[in-house]
Amino acid sequence: PRNIFFSRHGESQYNVEGKIGGDSYLSPQGEKYAEALPKLVQDAVGDAPLTVWTSTLKRTAQTAAGLPYPKLAWKSLDELDAGVCDAMTYEEIEKYYPEDYASRDEDKFNYRYRGGESYRDVVVRLEPVIMELERQENILIIGHQAILRCLYAYFHGLAQEDLPYIKIPLHTVIQLTPKAYGCDEKRFQLPI
Ligand code: G3H
């Protein structure tokens with residue numbers, strides 16, 4: 001059976017600073033994850049063919065750099081665009097855009113950042129990615145938290161209102177094996 005693997009990029013410089021969005025490089029911990037990933041993936045995939053999909057952001061390319069498989073970078077896999085809040089911490093957003101902060105809390109799936117996107121927007125832009133995923137064999141996506149939440153919810157049939165709260169931890173590979181109904185799931189966590 002074919003498998004779909006998801007991993008967030010390794011911890012980034014912005015993750016360390018608590019900032020959202022941006023296009024930062026990996027932190028030293030994130031680099032360790034990138035170094036450990038090839039062995040973990042090889043253990044999970046064996047000799048089966050695999051293609052790696054990344055976003056166009058540096059932190060996903062850097063995480064995928066050591067993986068000895070064909071790679072494809074998708075703009076549609078880039079992180080949810082936080083618009084004017086890009087590069088801010090949640091504390092800064094609450095301070096400078098208190099109303100937005102509250103409306104996002106109210107309806108996180110539909111809230112659209114000023115000049116940016118909502119989770120609903122991301123679900124729409126992921127449609128071509130999902131169609132292609134459905135046609136492919138083994139794919140590993142090195143992605144971003146908001147994006148992987150949408151893909152994970154699609155494959156597990158989770159509700160829209162729960163989707164923005166799904167926990168996709170760092171430094172963990174999630175393996176989904178589609179079945180006639182639903183998906184089996186395994187997780188591989190690296191102690192980094
Ligand atoms: O940087 C953005 C995060 O990946 C998504 O987090 O939608 O829970 O704010 P959030």
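Predicted, not measured: the structure shown is a model, and the values here were computed from it.

Conventions we followed
Residues numbered from 1 in each chain as written. Predicted model: local features only at pLDDT ≥ 70, side-chain atom pairs only at ≥ 80, totals over all residues. Helix = DSSP H or I, 4+ residues; strand = E, 2+ residues; numbered from the N terminus. Buried ≥ 20, exposed ≤ 12 C-beta atoms within 10 Å, placed from the backbone. Near = placed C-beta within 6 Å. Nonpolar A, V, L, I, M, F, W, Y, C, P; charged D, E, K, R; others polar. Core = buried A, V, L, I, M, F, W, Y, C linked by C-beta atoms within 7 Å. Pairing = 2+ DSSP bridges. Axes fitted to C-alpha atoms, helices over the stretch in contact; angles between N-to-C directions. Contact = placed C-beta atoms within 7 Å. pLDDT = per-residue confidence, 0-100.

### Concerning unusual backbone geometry
Next up, step 1: Located in the positive-phi region is Ala-87, a residue other than glycine, with phi close to 75 degrees.
Next up, step 2: Of note, Ala-87 is situated in the loop between β3 (71–73) and α4 (90–96).
Next up, step 3: The phi dihedral of His-171 falls on the positive side, at around 55 degrees, and the residue is not glycine.
Next up, step 4: With respect to the helices, strands and loops of the structure, His-171 is situated in the loop between α8 (145–156) and β5 (172–178).
Next up, step 5: Taking the C-beta count within 10 Å as the criterion, His-171 has 22 such neighbours and is therefore assigned buried.

### Some remarks on the site of the ligand
Next up, step 1: Lining the immediate surroundings of the ligand are Ile-20, Gly-21, Glu-79, Leu-80, His-144, Gln-145, Ala-146 and Pro-164.
Next up, step 2: Here the shell around the ligand is built from residues that sort into 4 nonpolar, 3 polar and 1 charged.

### Looking at the nonpolar core
Next up, step 1: Counting residues in hydrophobic clusters, the biggest one holds 33 residues, and the most contacted among them are Phe-5, Phe-6, Leu-140, Ile-141, Ile-147, Cys-150 and Leu-151.
Next up, step 2: At the level of secondary structure, the elements contributing two or more residues to this core comprise β1 (4–8), α2 (28–45), β2 (51–54), α6 (119–125), β4 (139–143), α8 and β5.
Next up, step 3: Considering each element in turn, this core owes the most residues, 6 residues, to α8.

### Description of the sheet that holds strand β6 (residues 183–189)
Next up, step 1: Strand order in this open sheet of 6 strands is β3-β2-β4-β1-β5-β6, and the pairing throughout is mixed. Each of the sheet's edge strands pairs with one partner strand only, and the pair in question is β3 and β6. Each neighbouring strand pair of the sheet contributes to a mean axis angle of 20 degrees, computed without reference to strand direction.
Next up, step 2: With 5 bridges joining them, β1 and β4 adopt parallel strand pairing. Pairing of Ser-7 across the sheet is with Ile-142, part of β4.
Next up, step 3: Sheet strands touched by α2: β1, β4, β5 and β6. Its angle to β5, the strand with the most contacts, is close to 20 degrees.

### So, the confidence of the model for the protein
Next up, step 1: Across the protein, pLDDT averages 97, with 100% of residues at or above 70.
Next up, step 2: Scored as a whole, the predicted complex attains pTM 0.96, and scored at its interfaces, ipTM 0.88.

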